[in-house]
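# Analysis of the macromolecular model
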Amino acid sequence: MRKVDVHEIIDNARFSQFHWLVMCLCALLLIFDGYDLFIYGVVLPVIMQEWGLTPLQAGALGSYALFGMMFGALIFGTLADRIGRKKGIAICFVLFSGATVLNGFASTPTEFGIFRFLAGLGCGGLMPNVVALMNEYAPKKLRSTLVAIMFSGYSLGGMFSAGLGIYMLPRFGWEAMFFAAAVPLLLLPVILWKLPESVGFLVRQGRTEQARTLLNRIDPSLALGAGDELVMTEVKGKSASVLELFRDGRGVRTLSIWIAFFCCLLMVYALGSWLPKLMANAGYSLGSSLSFLVALNLGGMFGAILGGWLGDRFNLAKVVVAFFAVSVASISLLGFKTPMPVLYTLITIAGATVIGTQILLYASAAQFYGLSIRSTGLGWASGIGRNGAIVGPLLGGALLGIELPLQLNFIAFAIPGVIAALAMTVFAVSSQRSGASAPAMLAAAKA
C-alpha cells in the first residue's frame, strides 16, 4: 500500500495525450462560448436598422448578456463545487447554446434581451469552470502556457462568428447566425463521454477508483492499484473574507488589479460590440467591417499564446504594462485613415494586446494571492471586471449617440488602457518594494 500525493503526480507529469484531450475539449468549448458572445457585434448593424434602435438602446441590449455572465460565474462556480465540474460545464454549454438558438426566434428587442441574458448565464458559468479544469490537470511548468493556448479558443470562436457572418448575413439574415448555434449541441455526447471530471472532486466524493483511473492516464508508469491511498491537500484553504485582500500590504495591489480588470474588459467588449458598426459608419462595407472583427480576434488568439509564453519567462506585471501601452497606441490610431494593410495590422495588434492582456491579468491575480485567499481574490477581480464588460457596450452606444468624429471614438476606447497601464505600474512597483522589504523583515524577526 502506497500513499500517493495527487498534486505531485499532476504537477510533475509529462505532457501526454491525456493533456492534449483536456486542452482540445476545453478549447472547443471556449470556441462555442466565443461564437455566442461575439455574435452580437456581428449582427448589430443589421438589427439596429431592422428594429430602428438608437446607439444607446443597442448598447444596453448588448449589456444584457454581460449581466448574465456576471451572475452565471457566481451561480455555476458554486454549483460546480457541489455537483462536479463536468456536470456544471455540460449544463452551462446546453444553456448558452439553447438560449442562443432561441435568440433567432426573437421578434422584439425585449425578447432578444431576455434570451441574451440567459445565454450570458451559461457563458459566464462555463468560462471559470473550463479554466479551473485545465489548470487542475496541466503540469506545473506548462500551466500558464496551456491555459493561454486553451483560452485562444475564445478568440477563435469570435473569428468564426465574424467569418460566418460575412457569408450568411447577406444571404440568410441575422436569425440564421443564431440558429447555427444548434450545431455544437450535437457534440454534447462527446463532451460528456470524453471530458474528465475534476480529480479533486472525485477524491472529495470518495470516488477513488475513478480518480485512480484518471491518474493512471496522466502517468501510466504509476500503475496505481486498489490498495494505494490517494492524498490530496485542500487547495482552497479556509474561507476568506474580502478584507483579507487588503491585509499584509496587499491593499494597493488589490485595488490596482481591480482597476486593470475593469478597464481591460471594458475595452474588450466595447471593441467587440462596436468595431463593425464604427467601421460601417466610416464607409466600409458590411463584409469589410466584419472582417475587421476577424482580425481583432485573430490578434487575440496570438496575443494569448504570446502573453502566456512571455509571462512564464519575464516579470508578468511588466509584460502586462507593456501590452496595455501598445494597446493604447494601436486603438488610438484606428480612427485615422490608413492603407488597408496598415489598418488590419493595427486591429490585429489591438486584439493581441487587449484580449491577450485579459488572460495575463487572470494569471497575475492567481500568482499574487496566496492559496487561502486565491479564490476570493480571483472572484472579486473577475466580478469588478464584469462591471467593466457591462459598461463597454453602453459607452460605445453613448459615444455613437452624440456623433463624435471617428478618431475621438477610438481615442475614448483607448483611455481605459492608459488608466490600466498606470494601475499595473503601481502594482509592479508595489510588488518590488514588498519583495525588497521581505528579507529585511525576516532578518529582524530572526534577531
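For the structure given in this document, a descriptive report is provided here. (Residues numbered from 1 in each chain as written. Predicted model: local features only at pLDDT ≥ 70, side-chain atom pairs only at ≥ 80, totals over all residues. Heavy atoms only, no water.)

## Some words on the overall build of the chain
Looking only at helices and strands, the chain has 16 helices and two strands in total. Whereas a compact globule of 447 residues would reach a radius of gyration of roughly 22 Å, the chain reaches 22 Å, a difference of no more than 12%. Counting only residues that meet the buried cut, the chain has 53% of its 447 residues in that class. Partitioning the contacts of the chain with sequence separation of at least 6, the portion at a separation of at least 24 is 82%. Approximately 18700 Å² of the chain is accessible, and the part contributed by carbon and sulfur atoms is 67%. The centroid of the 30 positive side-chain charges in the chain is displaced by 5 Å from the centroid of its 20 negative side-chain charges. (Helix = DSSP H or I, 4+ residues; strand = E, 2+ residues; numbered from the N terminus. Rg over C-alpha atoms; globule rule 2.2 N^0.38 Å. Buried < 20%, exposed > 50% of the residue type's maximum accessible area, 1.4 Å probe, protein only. Contact = heavy atoms within 4.5 Å. Areas by Shrake-Rupley, 256 points an atom, 1.4 Å probe, with all protein chains shown as cover. Lys, Arg positive; Asp, Glu negative; His and termini not counted. Charge placed at Lys NZ, Arg CZ, Asp CG, Glu CD.)

## Focus on helix α13 (residues 316-333)
The first and last C-alpha atoms of α13 sit 26 Å apart over 18 residues, in line with the 26 Å expected at 1.5 Å per residue. Where α13 is concerned, the buried positions are Leu316, Ala317, Val319, Val320, Val321, Phe323, Phe324, Ser327, Val328, Ser330, Ile331 and Ser332. The opening residue of α13 is Asn315, an N-cap whose side-chain oxygen sits 3.2 Å from the backbone nitrogen of Ala317. (Expected span 1.5 Å × (residues − 1). Polar contact = N/O pair within 3.5 Å; in protein donor to acceptor, adjacent residues only side chain to side chain.)

## Some details on helix α2 (residues 17-51)
The periodicity of an α-helix, 3.6 residues per turn, causes residues three or four places apart in sequence to face the same way. For α2, which comprises 35 residues, the first-to-last C-alpha distance of 49 Å matches the rise-based estimate of 51 Å (1.5 Å per residue) to within 8%. Leu44 marks where α2 bends most, by close to 55°; the proline Pro45 follows one to four residues later. With 26 of 35 residues buried, α2 is to be regarded as a mostly interior element. At the exit of α2 stands Gly52, carrying a positive phi of roughly 65°. (Bend = angle between axes of the 7 residues up to and from the residue.)

## Details of the pattern of salt bridges
Under the defined criterion, the tally for this structure stands at two salt bridges. A salt bridge links Asp248 to Arg250; its shortest N-O distance comes to 3.7 Å. Given a relative accessible area of 67%, Asp248 falls into the exposed group. According to the relative accessible area criterion, Arg250 is buried, its value standing at 16%. (Salt bridge = Lys/Arg side-chain N within 4 Å of Asp/Glu carboxyl O.)

## A few points about the environment of Ala176
Considering the arrangement of structural elements, one finds Ala176 in helix α7 (residues 174-179). Spatially, the C-alpha atoms of Ala176 and Ile89 are 25 Å apart, while their sequence positions differ by 87 residues.

## Here's the deal with the side chain of Ser256
Along the chain, Ser256 turns up in helix α11 (residues 251-281). Excluding anything up to four places from it in sequence, Ser256 contacts Ala423, Val426 and Phe427.

## Here's the deal with the nonpolar core
Among the nonpolar cores identified, the biggest contains 135 residues, and Met150, Phe324 and Met424 are the most heavily contacted of them. A total of 20 residues in this core trace back to one element, the largest contributor, which is α2. Once residues within four sequence positions are removed from consideration, Phe324 is found in contact with Ala260, Cys264, Met267, Thr357, Leu361, Gly417, Ala420, Ala421 and Met424. (Core = buried A, V, L, I, M, F, W, Y, C linked by side-chain atoms within 4.5 Å.)

## Digging into the environment of Glu229
Position of Glu229 among the secondary structure elements: in strand β2 (residues 229-231). Through-space distance from the C-alpha of Glu229 to that of Leu79 is 28 Å; in sequence the pair is 150 residues apart.

## Some thoughts on the environment of Trp380
Inspection of the secondary structure puts Trp380 in helix α15 (residues 374-401). As for Trp380 and Trp258, which are separated by 122 residues in sequence, their C-alpha atoms are 7.9 Å apart. Aside from chain neighbours lying at most four places away, what touches Trp380 is Val242, Leu245 and Trp258.

## So, a nonpolar patch on the surface
Judged by side-chain polarity, Tyr64, Phe67, Phe71, Leu74 and Ile75 come together as a nonpolar surface patch covering roughly 470 Å² of accessible area. Checked against the element boundaries, Ile75 lands in helix α3 (residues 55-83). (Patch = residues over 30% accessible without salt bridge, like charges linked within 9 Å, V, L, I, M, F, W, Y side chains within 5 Å.)

## Things to note about the packing of α2 against α11
Following both chains from N to C, one finds α2 and α11 inclined at 35°, their axes separated by 8 Å at the closest point. In this structure, α2 meets α11 at a crossing whose hand is right-handed. Side by side, α2 and α11 meet where Leu37, Phe38, Tyr40, Gly41, Leu44, Pro45 and Met48 of the first sit next to Tyr269, Gly272, Ser273, Trp274, Pro276 and Lys277 of the second. Taken together, the residues of the contact of α2 with α11 break down into nine nonpolar, three polar and one charged. (Axes fitted to C-alpha atoms, helices over the stretch in contact; angles between N-to-C directions. Left-handed = near helix turned anticlockwise from the far one by under 90°. Nonpolar A, V, L, I, M, F, W, Y, C, P; charged D, E, K, R; others polar.)

## Digging into the packing of aromatic side chains
According to the stated counting rule, one finds 18 aromatic pairs in the structure shown. When the ring of Phe18 is compared with that of Tyr137, the centres are 5.2 Å apart and the planes differ by 75°; the resulting orientation is edge-to-face. Separated by 119 residues along the polypeptide, Phe18 in helix α2 and Tyr137 in helix α5 (residues 109-137) bring together distant segments of the chain. On the basis of an interplanar angle of 45° and a centroid distance of 6.1 Å, the ring pair of Tyr40 and Phe112 is categorised as tilted. In this pair, Tyr40 is assigned in helix α2 and Phe112 in helix α5, connecting sequence segments 72 residues apart. (Phe/Tyr/Trp six-rings, centres within 6.5 Å; stacked < 30°, edge-to-face > 60°.)

## What about unusual backbone geometry?
For Asp248, which is not glycine, the phi torsion reads 55° and is therefore positive. If you trace the backbone, Asp248 turns up in the loop between β2 and α11.

## What about the side chain of Arg116?
Along the chain, Arg116 turns up in helix α5. An unpaired buried charge is present at Arg116: no salt bridge exists, and Asp36, the closest side chain of opposite charge, is 6.4 Å distant. Non-local contacts of Arg116, meaning those with residues more than four positions away in its chain, are made with Asp36, Leu37, Ile39, Tyr40, Tyr64, Ala65, Asn103 and Phe178.

## A look at the packing of α2 against helix α6 (residues 143-172)
Direction vectors running N to C along α2 and α6 enclose 40°, while the axes themselves pass 6 Å from each other. In terms of axis orientation, α2 runs oblique to α6. At the point where α2 passes α6, the crossing takes the right-handed sense. Split by residue class, the contact of α2 with α6 holds 22 nonpolar, six polar and no charged. (Parallel < 35°, antiparallel > 145°, perpendicular 65-115°, else oblique.)

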